[in-house]
Amino acid sequence: MFHIWWGMLFVAAHFSLFLLCYRLFGRQGIFAWIGFATVIANIQVLKTIEVLGIITTLGNTVYTTIYMATDLLNEKYGPRQAKKAVWFGFFTLIASTIIMQLALRFDPQETDFAQESLETIFGLLPRIAAGSLLAYAVSQLIDVKLFTWIKSRYPHRKQLWMRTIGSTGVSQFLDTLVFCTIAFAGVYTMDVWLQILLTTYGFKLLISVVSTPVLYAARRMEPKEETDT
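Under the annotation held in an unreviewed UniProt entry, the chain carries the name Probable queuosine precursor transporter and is attributed to Marinicrinis sediminis. Check the Sequence similarities (unreviewed entry) section of the UniProt entry for the chain; it says "Belongs to the vitamin uptake transporter (VUT/ECF) (TC 2.A.88) family. Q precursor transporter subfamily." UniProt, in its Subcellular location (unreviewed entry) section for the chain, records the words "Cell membrane".

Here you go:
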């Protein structure tokens with residue numbers, strides 16, 4: 001029961017900080033959020049957890065907020081800004097991977113205590129990043145296109161839920177399939193790999209559904225940064 005309540009708090013914290021970031025910093029804040037979330041998600045995904053007897057990876061919540069961010073940009077500022085944000089996130093992931101690989105090459109001082117831990121986390125990052133980069137680019141660009149296509153057919157403001165769930169449902173499955181294949185194939189046995197694939201997608205989809213009211217709230221906001229200019 002403790003883990004369920006902690007998980008709910010965990011998700012609520014992500015959504016609250018997402019809204020606060022947009023409220024304070026507007027469109028620029030969403031770009032910053034995407035840059036932050038791409039890095040954090042690829043660190044958290046190294047940790048597997050058990051939820052109600054089901055094995056899944058951590059990082060699903062923060063990664064789902066990236067889809068929320070691009071959908072919000074698409075909804076309020078158009079597909080051009082959404083695509084720009086996708087490539088911005090792509091760059092931040094590449095840059096963080098390169099910088100951390102260079103940092104690991106420094107010989108640690110005798111009393112250093114962080115090198116081993118950093119190698120445990122970031123030593124695996126190139127494979128994780130490779131899977132994430134390909135999955136991210138493919139799924140996010142498809143998400144933007146699908147969102148735009150659905151919006152052209154269901155443009156009413158109340159139909160935002162159709163646009164976001166429809167586009168995210170497809171793109172996140174592709175993302176999960178590509179990522180799990182590159183990052184975890186051969187690392188885990190087939191049954192564990194399949195369980196991670198299905199549960200990761202299931203949790204992402206569930207979080208996407210739960211996040212829909214957050215998107216409605218964000219769309220109603222008038223960011224402080226933009227109202228001050």
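Caption draft 1: Fine view of the nonpolar core. Ranked by size, the top nonpolar core spans 32 residues in total, and within it Phe-18, Ile-30, Ile-34, Leu-72 and Leu-73 carry the most contacts. Only α1 (2-44), α2 (60-77), α3 (79-104), α5 (125-153) and α7 (190-220) provide two or more residues apiece to this core. Ranked by residues supplied to this core, first place goes to α1 with 12 residues. Residues in contact with Ile-30, not counting those within four places in the same chain, are Phe-18, Tyr-22, Ala-69, Leu-72 and Leu-73. The next biggest cluster of nonpolar side chains, apart from the first, holds 9 residues, and it includes Cys-180, Ala-183, Trp-193 and Leu-197.

Caption draft 2: Fine view of the packing of helix α6 (residues 160-184) against α7. With their axes 9 Å apart at the nearest point, α6 and α7 run at an angle of 150° to one another. Classed by the angle they form, the pair α6 and α7 counts as roughly antiparallel. In terms of crossing hand, the pair formed by α6 and α7 is right-handed. In terms of residue class, the contact of α6 with α7 is built from 15 nonpolar, 9 polar and 4 charged.

Caption draft 3: Layout of empty space enclosed by the protein. Summed over all chains, the structure comprises 1 cavity of 30 Å³ or more. Volume-wise, the largest cavity comes out at about 150 Å³. Along the walls of the largest cavity sit 17 residues, with Val-45, Tyr-63, Asp-175, Phe-179 and Lys-204 positioned nearest its centre. Taken together, the elements giving at least two residues each to the lining of the largest cavity come down to α1, α2, α5, α6 and α7. Considering each element in turn, the lining of the largest cavity owes the most residues, 4 residues, to α6.

Caption draft 4: How the structure looks around the packing of α2 against α3. Here α2 crosses α3 at 155°, and the two axes come no closer than 7 Å. Between α2 and α3, the crossing angle belongs to the class labelled roughly antiparallel. Remark: the crossing between α2 and α3 carries right-handed chirality. In this structure, α2 uses Thr-70, Leu-73, Asn-74 and Tyr-77 to contact α3, whose residues at the interface are Pro-79, Gln-81, Ala-82, Ala-85 and Val-86. Along the lines of polarity and charge, the residues of the contact of α2 with α3 split into 6 nonpolar, 3 polar and no charged.

Conventions we followed
- Residues numbered from 1 in each chain as written.
- Predicted model: local features only at pLDDT ≥ 70, side-chain atom pairs only at ≥ 80, totals over all residues.
- Heavy atoms only, no water.
- UniProt positions renumbered as here; feature names shortened; annotations may be inferred.
- Core = buried A, V, L, I, M, F, W, Y, C linked by side-chain atoms within 4.5 Å.
- Buried < 20%, exposed > 50% of the residue type's maximum accessible area, 1.4 Å probe, protein only.
- Helix = DSSP H or I, 4+ residues; strand = E, 2+ residues; numbered from the N terminus.
- Contact = heavy atoms within 4.5 Å.
- Axes fitted to C-alpha atoms, helices over the stretch in contact; angles between N-to-C directions.
- Parallel < 35°, antiparallel > 145°, perpendicular 65-115°, else oblique.
- Left-handed = near helix turned anticlockwise from the far one by under 90°.
- Nonpolar A, V, L, I, M, F, W, Y, C, P; charged D, E, K, R; others polar.
- 1 Å grid on protein atoms, 1.4 Å probe; cavity = no way out; pocket = protein on both sides within 12 Å on 5 of 7 lines; lining within 4 Å.
- Points joined across faces, edges and corners; volume = space filled by probe spheres on them.

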